[in-house]
Each structure stands twice: as C-alpha cells, then as structure tokens.
Amino acid sequence: MKIEHDGNNLRVSDIAELNAINASSFRDEVRAAMPTMPSTIEIDLSQTRFVDSSGLGALFALYKAASNGNDSVTLRLLNPRPPIQQLFELTQLHRLFEIARR
Amino acid sequence: MPASVPESIRADSIPAQRGVTNRLSFRCELAEARVATRILRAFLAEQGLDETEQFQCELCLAEACNNAVQYATPAGAGLPVTAEVICHPARVELRVTDHTAGFSLPADCNPIEPDRENGRGLFIIQSMMNEVNYYRGRDENTLVMRKTRTSQQHRPADDAATATLEDARRQLESCQQTISGMARELCFRSESLAAIFRCCTELGRTSDLEGFGYRLLHDLLHLTAADWFVMRLMPAGSSRLEVFAVSAPELRSEPLILGPGVEPDLAVELTAARRRRDVEFDARQARPGLEPLRATGPEANGLVQPLLFGDKLLGTLAIGRREGGTPFSVLQAEMIRTFSEFMAMQVVNARHLEEQVHARLVAHELDIAHRIQRALLPRSLPQLAGFRLAASWESARQVGGDFYDAIPLGDHSMLLVVADVMGKGVPAAMFATIMRSLLRAMAGRSHHPARLLRRLNEVLYQELSTVGMFITAQLVYVDLQRRHLVAASAGHCPVLLISGGNVRTLRVTGTPLGILPRTTYRQHSATFGSPGGLLLYTDGLTEALNPAGEMFSHDRLAQWLAARAESPMSADALRDELAAEMCRFRGATPLRDDQAFMVLAEDAAVAHDRGGTDVFAAPDPRSPNLAGSPLS
C-alpha cells in the first residue's frame, strides 16, 4: 500500500485487497496519515481485486474520520473494478464517496 | 426387439447434471479462510463463471468463512471450517459449515444504512445469492447459498486464478479429506433412504400408523446412534400434545398442554412446538418437575423437532442419548429433520384416511336410514268403496323425516296419518319406524284420534325428549259410509276437506309429540257432501319457495284444490297434478324440505271399473310423483 501527501490532500494506492485480515490496519494507517483538515482524500482501487464487508467497514470509518467537523472534504474512490463498484452501490457506500474513473 | 439406450442416460451427459464439487477444510483462522476462498474462486473461474459472478461467490464465501472463524465457540475454534462449492451448468451452490452458536437469518434483506460500519455480511450474502438457507445442528451449522448463473458457457480460467503452489498442496490434502467424508456421508444417506423405503413399503401394506412410527423411529435411533425417543401427537382440534410412541415405557408421560405459559417455565417439547423449530435438550439444565424428558436420564441430551405439515403443528419428536455423549452432527440433525418431515406426512395421510372412513360410515348410515324410510311408506294404500287414495313423497335430502300411512279399521273406515319427524338420519328414521308400529298396534278400532295422540305422546315422550326430537302428526279417522271424519293434530298442518265442490280448512291445534310429558289433544268432527275428499300434507308443501322467494302457502294450496273440487277428479289425477304444480312453482329452486301429501277422493269415474283388485298402488318412494307399481 502506498500513501502520498500533497498539502491537505491524501492519496492512497496499491491496495491488493481490503479484507477481514488487513482492513483494520489499512484503516489505522490511513487515519494516522490524515491531515487535520483534509480537503481531498483519494483511494485508488485500480489494483484492488477484492473487498469484503470488513473492507467496506474500514472505508466507512475513514469517511467518518475525514468528515468529522469538516464539511468541505471530498472523498473519492478511483477506478474500482465493476463488481466492486456494484458492491459499493449495493451497500450505499457510493452516497458517501465520489466514485471516479480516470 | 433390440433395446436402445435413451439419449438422456448416455454416460457423458451425467456428470454435467450432477455438478462439479470442490470442498476445502481449513483451520479456524482468518488467513486460512482467505486462502480457501481464493482457491474456490479460482475453481469457479475454471468452471466458466464471469468476473462478477466469481467476485460475488468469493465475497459470499469470504463473509461466511469469516463469520465461521470470528464467532466459533471455544470448542469449535479447535475444529476445521469447511467450505464447499458445487458448480452446475445453471447454478452454483456454496456451503460453509461452522462451529458457532448459530445465528438467525433475517427474513428479508432490507437495504442497510450506509453509515453502519458492521453487520453487512449477511445483507451482502442475501443480496447477491438467489437462495440462502441456514441449517442448524447441535454443534455445527451449515450455510447453503445458491446462485443462478448468468453466463453458462465454459470459459478458460482467467487471471483471477492466482492459486500458488502452496494453495495447490492444501487443495490436494483437503480433496483427500473430502473424498473420505463424502464416502461416509453417502453411506449414511443411503442407509437412511433404505430405512424410509422399508417403512413406506410396510405402511402401504398395513396403514398402521403406530407400527409404522415405531419402525421408522427405531431406524432413526440406529442411524443417528441415539438411544431414546418420545413422539407426541396433537389430535386434530386439540391443544394437547399426547404421547404417541416412546422408545421405553418409562418415558410415557401426561399430555402437555399448548397454553399461554412463559418460555423458561415450559417443557422443551412445548418450546419446540411453540417456536415451530428444533430445540436442544440437556437434562442437566432441565427444571425438575417441569421437564418430562428428564425421565431419559440425568446426563441425557438430545433434540426436539416439531412435526409440521406446512404451518400446521401435528406434534413433536424428541430424540437423544442417555449418557452425555457427543451431540448430534449436522448430518444427523438433518436426518432427524428429514425423518420428522416424513413422519408428519404420514400422520397427515393417516388422518385423511380416517376422515375418508368416517365419511364412508356417515354415507352408509344415511343409506340405512333411507332404506328404513322407504320401507316405512306403505307399499299399497287401502282402498274402500267409492273412494281412492293416492300419495306422493319427495325427499329433499338423502333422508327426511316425513311419512304417511293409511290403516284400515273396518269395511268403511280407516285412519289416515301424515307425520314429520324433526331431525334426520338414522335417529329420525328409527322414530318414524317406532311411530308407525305404535300407530298400527294402537289404532285398533279407535275412532278417537285425540286419544291415540295422547297415548302416543305418553309412550314416545321419554325417548324423544332425551334426544331433543319431536314429531308433528295429523291423524284423521274417516268413515266413508257415514261421510264423517274426526281429525286431531299434534302441531301439524291443517287438513283440507273437499265437500260438495267446496274446500274447507280443518285446523286443529295441539302440541307436537315429545314436547310435554302429559298432554291432551282436541279433535274436530266434520261431515262431507259429494263429491268429497281430503288432502293431508306436510309443511314441505306450503313452505316450498319459488325462484322469487315466495312461499307456496296454505292459501295457495287451498285455492289450487278449490279450482279442482268443482268437478270430480280421481285421487291419482289430483296427486299427479299437485306434484306437477309443486314442480312448476319451484322452478329451478332446490327442494328445501321433504314434501309428502296424501289425497283421498271420491272417484265416480273409476268406481265402476275397479275390477277384482281391492288395493291401489302407492307411489314408489324412490321415484317421486310417479304412480309406480307396488314395490316388490
């Protein structure tokens, strides 16, 4: 997993899976790297082959951490594979995160 | 003729029908679960599932396996978790067997709130699969998930198959386990099928539910290595669970009442009956004095399965082991469930059979009553000089309570009777028989119908009142030579008297027979001119309805008779015309009540060609309204 800072922006990439084994460490590492008042947080899922309910839970925890007292933050999920995007839609996560392709 | 092999059983078509299976057992750890689900995904990719299907199956397996690991009981954590994939051309089945305390599947999958952090697993499974079932055993449970495949053509494995060499080694190991496990399971299932077939064959021969139950349950004991059972049944319409079969006499106990009790204070069998699902039993935790199953021993344990047919509770089956041995496995619990379902089916069948027998008995009873009643009606009516008698009887039901009789008392006199026994079936027919015999025995030369009625009432009161029945009757003594009559009535319809071309209503009041222990009756005398006659009837005539819902009524009957009284008519012709009139009036309206009537008419036209016969045929009661030949 790769975490990059650019001012108040955060970018996370190179995630192989978000599953029951690694979800809590992923959540803790990203939360620790988060600026006090982040403006954009992008999680690049291009490399992500698998997300389970623990992974969804970690993404939701990050949303809570980033938007706590901060209305202006943008959370973005980049290039999820179609089945994973369907999972986000099924569990309504796409209402919290912007899903983008580039 | 040379035999040909049908297309459908060609050997190469069979494997595709059965599906391809891959089963993995792994240690109760998240990392192991992840490896297993990856292997199974690779297997599904080989079977040609598209990427979305692969992902969804992998995800559901992962959710189920993670649950199995995270919620394993302390004892279960030492046991392997099993995940299995069965791939059919049209669907995929995923099975995960856990050693947890079990969970409840929500009835439907409502979309979850997006801000919930946990608890999405079951929601995801229910959303992505077409069918989800959770089978709970005593110490292990199996989640069965089924999904219909969208694309069914075979595609080669794509890049998702990332099984490593280590993965392959594990797979080989677990395959060996799988094969021996399947062999055991196959053996077990074939034994249970054989037991069911054996019992079925016997049931077909004997239709003895109790014997069948004992054999089936003893087979079940053997198959599940259990040593006791208690089967209770709830009789239809009752809320008592009564012992039906037990493995040992000391297990018999009083019926359990399915009442409003509160659960911790209920016997396990009642809990299972009330919850409509299986409940475990452990004698060590049972409350003394409350739990009949404690009779199975202080260390006993087992399972109580409700016997259900659809939603209908038929009873319970408790089965278990005396010594606190190992609890039932998933397979054994499933077998108990299968046997219980089968037993419930047989109970329902036996009850249907019983109902059929009962219906046949009722039909038989009605048939007997009908025959008695037919036998009651006189085969021929007496005929006295110058007059003729004719009668008609039509039954609304298979058995009615109407009857008529004409008892000759001398050369010129007779007693005419029309009666209606309230009630139906054999009792009504029996009373009609008694009444008829009594009348014939008592009539003698009595010219006093009122006295006759009083005596009849005294004799019949006891029997009639105990069964809540009563009889209305009209008795008319006629002396044709003196053209004189005496009428008395026990709550019956009036008599219509034809005299010199006019019609009069003779209304005599009186209490029906069987209402009061002692009662006296009035009687009216009258004479009649020529041409003369009488019409006696039951209220089935005057209370008959037409399609407009109007009653035929006594007035209409009197008018109808008056229109025909002016010119002489034979009794037969009057009988036929009245029967036709009743038919016309009724139209398509079904007959509500029996209709019986008797016509006496002075018959100048027939008087001269009477020939040598002194009797006239009464109608055949089997073919109403027809002047039939005498019954042979």
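Fair warning: this is a prediction, and the values are worked out from it, not measured in the lab. (Residues numbered from 1 in each chain as written. Chains lettered and ligands numbered in written order. Predicted model: local features only at pLDDT ≥ 70, side-chain atom pairs only at ≥ 80, totals over all residues.)

**Student:** Hey, could you run me through the overall build of chain B in this one?
**Tutor:** If you tally the helices and strands in chain B, you get 14 helices and 23 strands. Looking at chain B residue by residue over its 632 residues, the buried ones come to 39%. (Helix = DSSP H or I, 4+ residues; strand = E, 2+ residues; numbered from the N terminus. Buried ≥ 20, exposed ≤ 12 C-beta atoms within 10 Å, placed from the backbone.)

**Student:** Help me understand the sheet that holds strand S9 (residues 279-282) of chain B in this model?
**Tutor:** All names here are of chain B. Pairing within the open sheet is antiparallel, and its six strands lie in the order S8-S7-S6-S11-S10-S9. Single-partner strands in this sheet number two, and they are strand S8 (256-257) and S9. Sheet topology note: the strand S10 (residues 301-309)/strand S11 (residues 312-321) ladder contains nine bridges and is antiparallel. Counterpart to Leu307 in the pairing with S11 is Gly315. Strands in contact with helix H6 (residues 209-224) are strand S6 (228-233), strand S7 (240-246) and S11; relative to S7, the strand with the most contacts, it is inclined by about 70°. Helix H7 (residues 268-275) rests against S6, S7, S8, S9, S10 and S11 of the sheet, and its axis sits at about 35° to S10. (Pairing = 2+ DSSP bridges. Contact = placed C-beta atoms within 7 Å. Axes fitted to C-alpha atoms, helices over the stretch in contact; angles between N-to-C directions.)

**Student:** Can you help me understand the environment of Gly213 of chain B in this one?
**Tutor:** Residues and elements named next belong to chain B. Here Gly213 shows up in helix H6. In this structure, the C-alpha to C-alpha distance between Gly213 and Phe244, residues 31 residues apart in sequence, is 8.8 Å. Not counting the four nearest positions on each side in its chain, Gly213 is found in contact with Met231, Phe244, Ala245 and Met343.

**Student:** I tried to follow unusual backbone geometry on my own but got confused; where do I start?
**Tutor:** Trans is the prevailing form of peptide bonds, just as negative phi is the prevailing case for residues other than glycine. All names here are of chain B. Cis geometry marks the peptide bond from Ser530 to Pro531, where omega comes out at -10°. You will see that Arg276, though not glycine, has its phi angle at about 60°, which is positive. Positionally, Arg276 belongs in the loop between H7 and S9. The exposure class of Arg276 is exposed, given the 11 C-beta atoms found within 10 Å.

**Student:** What am I meant to see in the packing of helix H3 (residues 51-70) of chain B against helix H4 (residues 121-128) of chain B here?
**Tutor:** Helix packing for two helices is described by the angle between their axes and how far apart those axes are. Residues and elements named next belong to chain B. Put simply, H3 and H4 touch, their axes get as near as 9 Å, and they point 145° apart. The interaxial crossing formed by H3 with H4 has left-handed handedness. For the pair formed by H3 and H4, the contact residues are Gln56, Leu59, Cys60, Glu63, Ala64 and Asn67 on the first element and Gly121, Ile124, Ile125 and Met128 on the second. Taken together, the residues that form the contact of H3 with H4 break down as six nonpolar, three polar and one charged. (Left-handed = near helix turned anticlockwise from the far one by under 90°. Nonpolar A, V, L, I, M, F, W, Y, C, P; charged D, E, K, R; others polar.)

**Student:** Can you walk me through the environment of Leu416 of chain B in this structure?
**Tutor:** All names here are of chain B. With respect to the helices and strands, the residue Leu416 is situated in strand S15 (residues 413-421). We classify Leu416 as buried; it has 25 C-beta atoms within 10 Å. Through-space distance from the C-alpha of Leu416 to that of Val599 is 10.0 Å; in sequence the pair is 183 residues apart. Beyond its immediate sequence surroundings of up to four residues, Leu416 is in contact with Ala406, Val476, Val478, Leu534, Leu536, Met598 and Leu600.

**Student:** Even after reading the chapter, I still don't get the packing of helix H1 (residues 23-33) of chain A against helix H2 (residues 53-67) of chain A, so can you show me in this structure?
**Tutor:** Residues and elements named next belong to chain A. The geometry of H1 relative to H2 is characterised by a closest axis approach of 8 Å and an angle of 20° between their N-to-C directions. What the angle tells us is that H1 and H2 run roughly parallel. The chirality of how H1 crosses H2 is right-handed. Where H1 abuts H2, its residues Ala23, Ser24, Phe26, Arg27, Val30 and Arg31 lie against Ser54, Gly55, Gly57, Ala58, Ala61, Leu62 and Ala65. (Parallel < 35°, antiparallel > 145°, perpendicular 65-115°, else oblique.)

**Student:** What exactly am I supposed to notice about the sheet that holds strand S13 (residues 387-394) of chain B here?
**Tutor:** Sheets are built from strands paired through backbone hydrogen bonds, the pairs being either parallel or antiparallel. Residues and elements named next belong to chain B. Read from one edge to the other, the open sheet built from five strands follows the order S13-S22-S21-S18-S19, with strand pairing classed as antiparallel. The open sheet has two free edges, formed respectively by S13 and strand S19 (502-506), since each of these has just one partner strand. Here the strands of the sheet are splayed against their neighbours by 15° on average, with no regard to which way each runs. As paired elements, strand S18 (residues 495-499) and S19 share five bridges and run antiparallel to each other. Counterpart to Val495 in the pairing with S19 is Leu506. Those strands touched by helix H12 (residues 554-565) are S18, S19 and strand S21 (532-537), and its axis lies near 145° from that of S19. The strands touched by helix H13 (residues 571-586) within the sheet are S13 and strand S22 (595-602), with S13 carrying the most contacts at an inclination of about 25°.

**Student:** Is there a simple way to think about H1 of chain A in this case?
**Tutor:** Residues spaced three or four apart along an α-helix face the same direction, because each turn holds 3.6 residues. Residue and element names in this part refer to chain A. Three or more residues of H1 are buried, namely Ala23, Phe26, Arg27 and Val30. Looking straight down H1, one finds that the buried residues subtend no more than 95° of arc, so they occupy a single side. Seen from the open side of H1, the exposed residues pointing more than 90 degrees away from its buried face are Ser25, Asp28 and Ala32. In the core, the buried residues of H1 are packed alongside strand S1 (2-6), strand S2 (9-13), strand S3 (17-18) and H2. (Arc of directions from axis to C-beta.)

**Student:** Hey, could you run me through the nonpolar core in this one?
**Tutor:** Across soluble globular proteins, nonpolar side chains show a tendency to be buried alongside one another. One finds Leu416, Ile471, Val476, Leu536 and Phe597 of chain B to be the most contacted residues of the largest nonpolar core, which totals 75 residues. Among the elements that line this core, the one with the most residues is S15 of chain B, at seven residues. Residues in contact with Val476 of chain B, not counting those within four places in the same chain, are Leu416, Pro449, Leu485, Ala487, Val495, Leu534 and Leu536 of chain B. Residues Ile15, Ala58 and Ile84 of chain A together with Ala64 of chain B belong to the second largest nonpolar core, which totals 62 residues. (Core = buried A, V, L, I, M, F, W, Y, C linked by C-beta atoms within 7 Å.)

**Student:** What's the story with the pairing of strand S6 (residues 74-78) of chain A in this structure? I'm lost.
**Tutor:** Looking along a regular strand, one sees side chains alternate from face to face of the sheet. All names here are of chain A. Sheet topology places strand S4 (residues 40-44) next to S6; five bridges connect them, and they run parallel. Within S6, the residue paired with Asp44 across the bridge is Leu78. Summarising the sheet, S6 and strand S7 (residues 98-100) pair through three bridges and their orientation is parallel. Note that in S7 the partner of Leu77 across the bridge is Ile99. For the crossover that starts at S6, traverses helix H3 (residues 82-90) and ends in the parallel S7, the hand is right-handed. (Right-handed = clockwise from strand over helix to strand, strands pointing away.)

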